[in-house]
Amino acid sequence: MRITCPLCGPRDRREFYYYGSEDYLTLPEGEDLDAIDAHLHLRDNPAGITRDLWYHEMGCAAWLLVTRDTVTHEISDVALVAEGGSAAKMKSGRAL
Amino acid sequence: MRVEGKGRIDRSAPVRFRFDGVEYQGFKGDTLASALLANGVKLFGRSFKYHRPRGVLTAGSEEPNALVEVIEGRQQTPNVRATVQEIYEGLEAKSQNRWPSLGFDILAVNDLASPFLSAGFYYKTFMWPRAFWERLYEPVIRRAAGLGRLSGRHDEADYEKAYAFCDLLVIGAGPAGLAAALQAARAGADVILTDESAEMGGRLLADTAQIDGRPAADWATAVLAELGGLPNVRLMARTTVAGAYDGGTYGALERVGLHMAERPDLPRECFWRIVAGQAVLAAGAQERMIAFADNDRPGIMTASALRTYLNRYGVAPGQRVTIFANNDSARQTARDLMAAGVEVAAIIDARADASVAEECPVYAGATVVGTKGRKALRSITVLHRGGEIEIETDCLGVSGGWNPLIHLTCHMNGRPLWDAGLAAFLPKPGAVPGLHVAGAAAGVFSTAQCLASGAGVAVTALAALGRKAVPIELPAAEEADYDLLPLWEVKGKRRAWLDFANDVTTKDVRLSAQENFASVEHMKRYTTQGMAPDQGKNSNMGALAVLADATGRSIAETGVTTFRPPFSPVSIAAMGAGGRAEGFAPQRFMTSHSASVERGAPMIEAGLWYRPSYFPRLGEVTWREACDREVAMVRSTVGVADVSTLGKIDIQGRDAARFLDLVYTNTFSTLPVGRVRYGLMLRADGHVLDDGTTARLGENHFLMTTTTAAAGLVMRHLDFVAQAYCADWDVRFISVTETWAQFAVAGPKAKALLETLVAVDLPFMGCAAVQVGQVAGRLFRISFSGEQGYEIAVPARYGEALFRDLLARAETLGGGAYGMEALNVLRIEKGFITHAEIHGRTTAFDIGMEKMVSAKKDCIGKGAAARPGLVGPEREQMVGLRPVNEAAISAGAHLFNPGEEVARVNDQGYVTSVCYSPTLGGYLGLAFLRNGRARHGEMVRLVDHLRKIDLLCEVCDPVFHDKEGVKLRG
Amino acid sequence: MRYSGLRVITEGLFGNKGWKPVWRNPEPKPEYDAIIIGGGGHGLSTAYYLAKNHGMTKIAVLEKGYIGSGNIGRNTTIVRANYFLPGNSEFYSHSLKLWEGLEADLNYNVMHSQRGLINLFHSDGQRDAFVRRGNSMINQGDDAILLDREAVREHLPYLDFEQTRFPIYGGLLHPRGGTARHDAVAWGYARGADLRGVDLIQNCEVTGIDVEGGRVVGVQTTRGAIKAKKVGMVAAGRSGQVAAMAGMRLPIESHVLQAFVTEGLKPVIDHVVSFGMGHFYISQSDKGGLVFGGDIEFYASYASRGNLPMVEHVMEAGMTLMPMIGRAKVLRSWGGIMDMTPDGSPIIDKTPVDGLFVDAGWNYGGFKAVPASGWCMAHLMATGESHEVARRFRLDRFKTGHLLDEEGTGSQHNLH
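Attention here is on the structure that accompanies the text.

Calculation rules
Residues numbered from 1 in each chain as written. Chains lettered and ligands numbered in written order. Predicted model: local features only at pLDDT ≥ 70, side-chain atom pairs only at ≥ 80, totals over all residues. Heavy atoms only, no water. Axes fitted to C-alpha atoms, helices over the stretch in contact; angles between N-to-C directions. Helix = DSSP H or I, 4+ residues; strand = E, 2+ residues; numbered from the N terminus. Parallel < 35°, antiparallel > 145°, perpendicular 65-115°, else oblique. Left-handed = near helix turned anticlockwise from the far one by under 90°. Contact = heavy atoms within 4.5 Å. Nonpolar A, V, L, I, M, F, W, Y, C, P; charged D, E, K, R; others polar. Pairing = 2+ DSSP bridges. Buried area = accessible area lost by both parts, 1.4 Å probe. Salt bridge = Lys/Arg side-chain N within 4 Å of Asp/Glu carboxyl O. Polar contact = N/O pair within 3.5 Å; in protein donor to acceptor, adjacent residues only side chain to side chain. Buried < 20%, exposed > 50% of the residue type's maximum accessible area, 1.4 Å probe, protein only. Expected span 1.5 Å × (residues − 1). Phe/Tyr/Trp six-rings, centres within 6.5 Å; stacked < 30°, edge-to-face > 60°. Lys NZ or Arg CZ within 6 Å of the ring centre and 35° of its normal. Core = buried A, V, L, I, M, F, W, Y, C linked by side-chain atoms within 4.5 Å. 1 Å grid on protein atoms, 1.4 Å probe; cavity = no way out; pocket = protein on both sides within 12 Å on 5 of 7 lines; lining within 4 Å. Points joined across faces, edges and corners; volume = space filled by probe spheres on them.

1. A look at the packing of helix 9 (residues 506-514) of chain B against helix 11 (residues 540-551) of chain B
Residues and elements named next belong to chain B.
Part 1 of the reasoning: Between helix 9 and helix 11, whose axes approach to 9 Å, the crossing angle comes to 45°. Taken together, helix 9 and helix 11 sit at an angle that is classed as oblique. Of the two elements, helix 9 crosses helix 11, and the hand of that crossing is right-handed. Here Thr506, Val509, Arg510 and Ala513 of helix 9 lie close against helix 11, whose contacting residues are Ala543, Val546, Leu547, Asp549, Ala550 and Thr551.
Part 2 of the reasoning: Classifying every residue of the contact of helix 9 with helix 11 by side-chain character gives six nonpolar, two polar and two charged.

Below, the structure written as C-alpha cells:
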C-alpha cells in the first residue's frame, strides 16, 4: 500500500501511522456525553468509501485526511488536515 | 536415464551429490529430480497420510510428492522441491516423512487402514476418555503427521530484503513474458523481468517447437541477450513473484544462493518488495492430472513434466512410456520421446474422435482404469471399447488439460471466471489494478498467440504508464489448436488421488458431499484438499469438478476457493530477513553509553533505549547492594544520572502558551519566563497520557519534557491537536530529544558540584541558559528524586564529555553515578509516578491529581474524564503501602480486605511498584486501592500467588520521604 | 447419528456409505421464535445454547455465505483464559470451562488441546504486569505459573536466549491454555444445533431489520422476509453493517488481522508461545503447520487480506525470538475482519430496539470466547437479562466510561 503525501509524494505505507476516522476531527463540547461518544467511539465504519486520518510519522509529520475504499483499499484523495481542505470537511469543528 | 544429444545441461561439468546417503552424479543445470531420474531413481518420498511410495509428478515448484530435506552440516531445510533444487557439488538430500527408511516405512500400514481414515474421521473419534487426547491421541497424530523436519537450531544463515522500483514488472519469462518485456524495454520503460526458473525461457526451453525456423530456445536466448544489454532492464532469474499487494507492490522471493555449495558473500534468499507502475502476469499454465485408480504410483507424472525432463534435462524418466490424455498437447511428448529413441508403448486418448497419427499404438476413446507396481509403475490397465487391456510400462505421462496460473490476479479478492471451452478458470480483468495478464495465464496456448498476447498487453501497460509503444515485429511461431474433452476422473472402485500431497482421493470429496460439506470451502476444510505444500495447484480443479459432480451442480456454480499469497511457499527467514537478533528493532544509545559500560553498568532495555541498571563497585555482589548504595549516595551527597531518554519537544510561537493550556490539564500561560512547571496531559478519552515538566525559555518559547516511553506518543498527539484543532494558531514544535544530552544532578551536594562548573543561581523550578565551558547549555532546577536536584543539558555531541566530567566532580564530593534501579527507588520513596502507575487505565482522579485539572479552562480529555465511570469511590486510587514487617512485597500482587476470601469478587486493588527503601529501612509499595485515599491507616492483605507472598500492609500516603518537600527546595 | 471410534470402524467396513449429512438444508420458514444473524462460531453457539439451555426450538441461523465462513475459520485457534480485568476474567474463565466439556457435550472432536500457553516478558515492568495478570487468573480460579528465564528455557529451549533484541526475562505459563481445531468448533455447534431442531440457513443474507414501534418484528433476507420477535445480531466483522439496518451506529471499527501457516513439519513447537514485544504468537497444528500471527493491519478495512509491512514484521518477530523456524516456508496467509472496539472488549447486550440483541466487538479474541459468548447471548435473548459473567459487556459502557481496557491503550479502535 502506498499513500501520496501532498508534501512528500508517493510513499510506502510503512511511513504512516493510522489513527481512525475523521470523527476525531470533531472536538466535543464540555461534558456532553453523546458528543464524546461520537468523537471517540461510534463509527459509521462503512464497507466502502471512508475518510480517515493518517500521520506521516516517518516523513513530514503532516496529518492527512485520506479518502479511501475499505473494500478495495483504493485511495482517491489525500489532503492536509491542517489546510482548508480538511477544515471544510470537518463536521462541526469548533474554533478554539 | 540420460538421452544423448538432448537437454540444456552442461555435460562437461559433472556434479556429485547424495540422496539418502547414496552418491550420484548429475550435471550442471540438473535439478535434484532430473539428476535422480537420470540415475534411474523412481522413489522420492512417502505420502502424507497413507505413506504411499511416491515419485516425481511435475518438473516445477508445484511438485506435491518429491519433497526432500536438504542437509547442510547441522542445519537442514525441510520440504525442498527436488524439482526446483539445483544440484551442486556435495549437495546432500534426504527423503522425509518415513521411518525407518524410504524403501521400508512402518506407517505404510496406514494404507491398509484407509477405510477407517476417511476424510474428517478424526472429528468423530478420539473423544473418550477425555484425558487421552493430550496424553495419547494427539501426540501420536502429531508424530505421524507433518512432513519434513526442522533442525531445531537457530537459522544463522544470511537472508536479505530489498526494494525495487520499475515502470513495468513482467512476471514469467516464457514466450508471452519475453515478448512483453521486449516491447516495453524497446519503448524505454524501466522493466523488471522475473522468472521462477534458473534459466529464463519458460516452456520454450522444454519444447521442441521452432520460432522463425530455429529452435525456440535459441530465440529466447537472443531476446534475453538483447534485454540483458539494455540499461533499463533488470533480469531476475530464480525469482518467484509470490504476492500482489496494494499500490502496485509485489512481494518476490529470489533464490540467490540455494544452488551453490559455497556462497561466502551471498545470502541464501532475498525477499523483494517490487513497486511497479504496471505489471504483466505471464506465469503460464500448469498441466493437470486426471483422477483414476491408483494414479499416484512412482513413474506417473504429467505429460509436460515428462517432456521437460526429456528436452530440457536430457532425461528419459522411463524406458517404455505410455501417455494418457484428454487433449492434443500431450501428443508432442510422445513425438519427442519417439524422436529421441524412447519407446512409447501406447497413447491412451480419452477423446473418441482423437486422431491416430503417431507411430505407436493409439487408443482413442480409452481411459486408464488401473495401475500396478508398488515402488515403481509396472503396468497400466486401459479400458478401450469395453475391454480391458494391460500394458506394461514404467512411466505414464498424463495430461488432463491446462490450468492458467492466475493466482496473482486473485490476491486482492478477485474471483476468476469459468471458461467452459477451455474447462479452466480465467482471470477476471482488472482484479488487481495495473496487472495485465498475457499468454497461457490468460488462456491462450499456442506460441504465436502467446507472443502476440505478451506484446499486446505490454502496449496496453505502456499506455497506462503514459508511454508510446514502438511497434515490434513478432517472429513466426507454432499456432496449434488446443482441443480438449474435459475429463476429471475415471470412476472406479479403487482410490483415485486428487491431492497427492495430502492424500485426498475422489472418495474423500464424495464423502464430504455426502455429509453435506457441500460448499467448496467446506469440502476443502473437511478433506484438507488444497492445504498441502502445493497449495492445491495439482488438485483444486479436479476436486472441484468431482464435488460439482457429486452435488449435481456445474463447476461455475460450485465456485473455487480463494487463492491467497504466497503463490509458492516462502521461507520465514527470507520475509523476516534483518529481524534476527538485535535487528528486530532499532537500538537507541545515550551519549553516556560507553562511559556507563566502562563502569561495568549492566545496560537494560527501556523501550528502544539502553539505560544503565546500576554502577557496581568493587565488593558488591548483588544489584541490591549497588542500588542501596546509590540511593544513599543521592540522599546524602550527590548522584549523576543520564536522563537524555526523556522526550524533549521545543515549542515556539505566539500561541505556544495557549497551545500548552489546551494539551495540559493545568495552566502554562501563567508560567513566568525562566520557570518550570510540572504538567499532566490527558488522552482524548480522559485518561492520563503522560506527565513531565515544561520550561518557559522565552515569552514564546517552551521546552516540554515527556517520559521516555511516551515521547513518540506525545509528539504525535501534539501534532494532531495542532493540525486538527489549531491550524491557524502560531505555534510550531519539533522533537529535540536527540539534540540534547541531559543529566540529573541530585543530592544535598548537587549545587556544590554544579557551582564548580556553571553559574548556579536558580530557585526551585527555575531554568536558565548557562555556559558550560565554551558550550551553551541549559540548567533546570527540577527533581525526580526528592533531593535538591538539577538537570543540566548540553548539545548531544558534548554529552559524553560532560557526563564523564560530572562523574569526576561528583566523586570528589563522595558521590557518583546512579542507575535506573536507584532512580526507581528514589522516585517511589517520593511517591512520584511512572508508567507503572499511569498505565493507560488511570485518570487524574485515580492518581490524586484531579486538582491539577484546571477548572478555569478547557483541555483535551477534560470532558471525557468527567464521565461517571471515571470518577467515584468504586475506582481504585493510588496509595502507599508499608508491610507490617520487614518482609518483601511485590508488584503485581493483589489486595484484599483482611478476613475476606481471596477471590476475584473481593479484589480491592493491586500493587504497581515496590522497592526496598534503604532510606526508610524496609519495603515500600505504590498501589491502587478501591477508594484508597479514604483508607490511609487501614490494613490490607497483599497476596501474590505466583511469588508466594501473603502478608498485611498498612495503607498510607504515597509520599514516603520528605512529605513537605523541604529537601527539594532547600 | 452418534459419533464414536466404533462407528468410524463400522462405517469404514461398509465403505463409509452410511454417514449422514452433518446438518440439514432447510428452507426458511415464515416465522421463528428467534433469529440469529450470522452463522459463525458465536451465532452457532448462541443457537445451540438457546435450544439446549433454554428449550427454544423455533430458531433460525441466517448465514450470508456458508456455515463458519467468517472468523471462526480464519483465526490462529488459541484458547485461553488469561484476562485480568473484572468483567473479562469471569467471562473467559467460564468459556474455558465450557471448552473443557465441549467434545463430550457436542459429541464432536474439536481437538481442544490444552498444551499450555506461555506469554514471554522482557523487562521487570512487564514481569510485574504479567504477575498482576497471573494473580487475577488465580483469584478467578484459573491457573497461572510464573516462569523465570531458566524455566522458560526448559519449556522452550529453541528460543534465542542469547542474541534476541529483547532479552527473555521469563514467562507466564497458563497450563490450561491451548488450541482447538477452528472449523470443527463451527461444525460441532452447527451439528448440535441442527440436531436440536435449529434451522441453519446458508446463502441467506439479511438485507433489512424490520422494526415497528420500537420493537423488532423480523428481517428481510435474500430468501424472503422472516418474522421473529427476537433477533440477535451476531455478525462480527460485519456488525456495523447489520446494526445500521436497525438504524444503529456501533462503537466498532473493522480491521484486518492476517495469519499465516507453514508447510507441514514434524513436531517442533509443543506450546502456544506469545511474544508481546514483537506482537507474535505461534503454535503448531496437529497436521504439522506452524500457525502464527501478529498485529492487525491498523487501518480500517473489509478486504480480508493484508499488506507486506505487517507480513514482514511478523516474520521478523519470529526470527528474533525463535530463529529455528527460519527454514519453514509460509504456505498461506489470510485475513479476517475484526470488530475492533474502543476498549478492546466485546459487547453482549440489548439494543435500544426491543427484542433486538447484539453480540459483537470481539476484537481479535473471538475464537476462545465462542462457547461463553453463545452461552451468555442465549441467556440474554431467552431471559432478557444479562448473564452474570457478561454483565459488563454493555453497549453504553463507552459513553459512561465503564471501560474494560486490558491493553491500556485508550479509546482508539485499532490499538487493542
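2. Structural notes on the sheet that holds strand 32 (residues 588-589) of chain B
Part 1 of the reasoning: Here three strands make up an open sheet; going across it, the order is 32-34-33 (chain B) and the pairing mixed. Strands with a single pairing partner mark the edges of an open sheet, and in this sheet they are strand 32 and strand 33 (603-606) of chain B.

3. Notes on the interface of chain C and chain B
Part 1 of the reasoning: The interface of chain C with chain B comprises 123 residues on the first partner and 122 residues on the second.
Part 2 of the reasoning: Across the chain C to chain B interface the summed buried area is about 10,000 Å²; carbon plus sulfur atoms make up 53%.
Part 3 of the reasoning: When residues of chain C are sorted by the area they lose upon contact with chain B, C:Arg165, C:Lys266 and C:Arg327 head the list and together hold 10% of the total.
Part 4 of the reasoning: Connecting chain C to chain B are 14 salt bridges.
Part 5 of the reasoning: A salt bridge links B:Asp246 to C:Arg305; the nearest nitrogen and oxygen atoms lie 2.9 Å apart.
Part 6 of the reasoning: Every element with two or more residues in the side of chain C that touches chain B is listed here: helix 1 (5-13), helix 3 (89-100), helix 5 (124-140), strand 5 (145-148), helix 7 (182-195), helix 9 (308-321), strand 16 (329-340) and helix 11 (397-400) of chain C.
Part 7 of the reasoning: Element by element, the count of residues in the side of chain C that touches chain B is highest for helix 5 of chain C, at twelve residues.
Part 8 of the reasoning: Here the side of chain C that touches chain B is built from residues that sort into 51 nonpolar, 41 polar and 31 charged.
Part 9 of the reasoning: Relative to strand 16 of chain C, strand 31 (residues 570-571) of chain B runs antiparallel, the two being bridged by two bridges. Bridge assignment links B:Ser571 to a residue of strand 16 of chain C, and that residue is C:Lys329.

4. Looking at the interface of chain A and chain C
Accessible area lost upon the coming together of the parts serves often as the stated size of an interface.
Part 1 of the reasoning: On the chain C side, the residues contacting the 31 residues of chain A number 29 residues.
Part 2 of the reasoning: Around 2,500 Å² of area is buried between chain A and chain C when both sides are counted, 46% of it from carbon and sulfur atoms.
Part 3 of the reasoning: Residues C:Glu312 and A:Arg14 are paired through a salt bridge, measuring 3.2 Å at the closest nitrogen-oxygen approach.
Part 4 of the reasoning: The tally of links between chain A and chain C comes to 21 residue pairs in polar contact (both at pLDDT 80 or more).

5. Examining the side chain of B:His894
Part 1 of the reasoning: Note on placement: B:His894 falls in strand 47 (residues 894-896).
Part 2 of the reasoning: Looking at B:His894, its side chain comes within polar contact range of the side chain of C:Ser136, at 3.2 Å.

6. As for the pattern of salt bridges
All names here are of chain B.
Part 1 of the reasoning: All chains considered together, the criterion is met by 98 salt bridges over all chains.
Part 2 of the reasoning: In this structure, the salt-bridge partner of Asp111 is Arg495, at a minimum N-O distance of 2.8 Å. One end of the pair, Asp111, is in helix 2 (residues 109-112); the other, Arg495, is in the loop between helix 8 (447-464) and strand 29 (497-499), and 384 residues separate them in sequence.
Part 3 of the reasoning: On the accessibility criterion, Arg495 (15% relative accessible area) is buried.
Part 4 of the reasoning: Between Arg203 and Glu478 there is a salt bridge, with the nearest N and O atoms lying 3.8 Å from each other. Taken together, the residues span a long stretch of sequence, with Arg203 in the loop between strand 9 (191-194) and strand 10 (210-211) and Glu478 in the loop between helix 8 and strand 29 at a distance of 275 residues.
Part 5 of the reasoning: Three or more residues joined by partner-sharing salt bridges are found here, namely Arg52, Arg54, Asp111, Asp294, Asp296, Arg297, Arg494, Arg495 and Asp503.

7. Examining unusual backbone geometry
Residues and elements named next belong to chain B.
Part 1 of the reasoning: Cis geometry marks the peptide bond from Trp128 to Pro129, where omega comes out at -15°.
Part 2 of the reasoning: For Pro129, the position within the fold is in the loop between helix 2 and helix 3 (132-144).
Part 3 of the reasoning: Positive phi values are uncommon outside glycine, yet Ala581 reaches one of about 50°.
Part 4 of the reasoning: Looking at where Ala581 falls in the secondary structure, it is placed in the loop between helix 13 (572-575) and strand 32.
Part 5 of the reasoning: A positive phi angle is found at Asp962, which is not glycine, with a value near 55°.

8. Description of helix 2 (residues 41-54) of chain C
Residues and elements named next belong to chain C.
Part 1 of the reasoning: A rise of 1.5 Å per residue sets the reference length of helix 2, with its 14 residues, at 20 Å; its end C-alpha atoms lie 19 Å apart and thus fit the reference within 8%.
Part 2 of the reasoning: The buried count for helix 2 comes to eleven of 14 residues, which makes it a mostly enclosed element.
Part 3 of the reasoning: Count one or two residues on from helix 2 and you reach Gly55, which has phi positive near 65°.

9. Things to note about the side chain of B:Asn540
Residue and element names in this part refer to chain B.
Part 1 of the reasoning: Positionally, Asn540 belongs in helix 11.
Part 2 of the reasoning: We classify Asn540 as buried; its relative accessible area is 15%.
Part 3 of the reasoning: When near neighbours in sequence (up to four residues on either side) are disregarded, Asn540 contacts Gln529, Gly530, Gln535, Thr561 and Phe563.

10. Concerning the packing of aromatic side chains
Part 1 of the reasoning: Enumeration according to the criterion identifies 53 aromatic pairs over all chains in this entry.
Part 2 of the reasoning: Pairing C:Tyr3 with C:Trp19 gives two aromatic rings, centres 5.8 Å apart and planes at 75°, and the pair type is edge-to-face. Within this pair, whereas C:Tyr3 is found in the segment before helix 1, its partner C:Trp19 is found in the loop between helix 1 and strand 1 (31-37), the two being separated by 16 residues in sequence. Here C:Tyr3 matches C:Trp19 in class, with each residue buried.
Part 3 of the reasoning: Lying across the ring of B:Phe567, B:Lys537 places its NZ or CZ 4.4 Å from the centre.

11. Topic: the nonpolar core
Part 1 of the reasoning: Among the nonpolar cores identified, the biggest contains 93 residues, and B:Phe324, C:Phe91 and C:Tyr108 are the most heavily contacted of them.
Part 2 of the reasoning: Take this core: its biggest share by element is nine residues, from helix 10 (residues 366-383) of chain C.
Part 3 of the reasoning: When residues no more than four places from it in sequence are discounted, the contact partners of C:Tyr108 are B:Tyr123, B:Met127, B:Phe517, B:Tyr526, C:Tyr3, C:Glu103, C:Ala184, C:Trp187, C:Gly188 and C:Arg191.
Part 4 of the reasoning: Membership of the second largest hydrophobic core comes to 49 residues, among which are B:Leu150, C:Leu156, C:Ile168 and C:Phe260.

12. Side note on the environment of C:Val273
All names here are of chain C.
Part 1 of the reasoning: Looking at the element boundaries, Val273 is found in strand 13 (residues 272-275).
Part 2 of the reasoning: By relative accessible area, Val273 is classed as buried at 1%.
Part 3 of the reasoning: The spatial distance from the C-alpha of Val273 to the C-alpha of Leu120 is 7.6 Å, given a sequence separation of 153 residues.
Part 4 of the reasoning: Each residue touching Val273, except ones within four places of it in the same chain, is listed here: Ile118, Leu120, Leu156, Tyr158, Phe280, Tyr281, Ile282, Leu321 and Met322.

13. Here we look at empty space enclosed by the protein
Part 1 of the reasoning: What the rule picks out here adds up to 15 cavities of 30 Å³ or more.
Part 2 of the reasoning: As a volume, the largest cavity reaches approximately 480 Å³.
Part 3 of the reasoning: Looking at the largest cavity, it is lined by 30 residues, and the ones nearest its centre are B:Val84, B:Arg255, B:Leu258, B:Glu269 and C:Lys329.
Part 4 of the reasoning: Listing elements by their share of the lining of the largest cavity, those giving two or more residues are strand 5 (67-72), strand 6 (75-81), strand 13 (239-245) and strand 31 of chain B.
Part 5 of the reasoning: Considering every element that reaches the lining of the largest cavity, the biggest residue donor is strand 6 of chain B, with four residues.
Part 6 of the reasoning: Taken together, the residues that form the lining of the largest cavity break down as ten nonpolar, nine polar and eleven charged.

14. A short note on the sheet that holds strand 46 (residues 876-883) of chain B
Residue and element names in this part refer to chain B.
Part 1 of the reasoning: If you walk around this closed barrel you meet the six strands as 46-49-48-47-50-51, and the pairing is antiparallel. Each strand axis lies, on average, 45° off the axis of its neighbour in the sheet, ignoring direction.
Part 2 of the reasoning: Relative to strand 48 (residues 909-917), strand 47 runs antiparallel, the two being bridged by two bridges. Within the sheet, the bridge partner assigned to Leu895 lies in strand 48 and is Gly909.
Part 3 of the reasoning: Of the strands in this sheet, strand 48 and strand 49 (922-930) are in contact with helix 20 (residues 820-830), which crosses strand 48 at around 115°.

Purely geometric stuff here, so don't read any function into it on its own.
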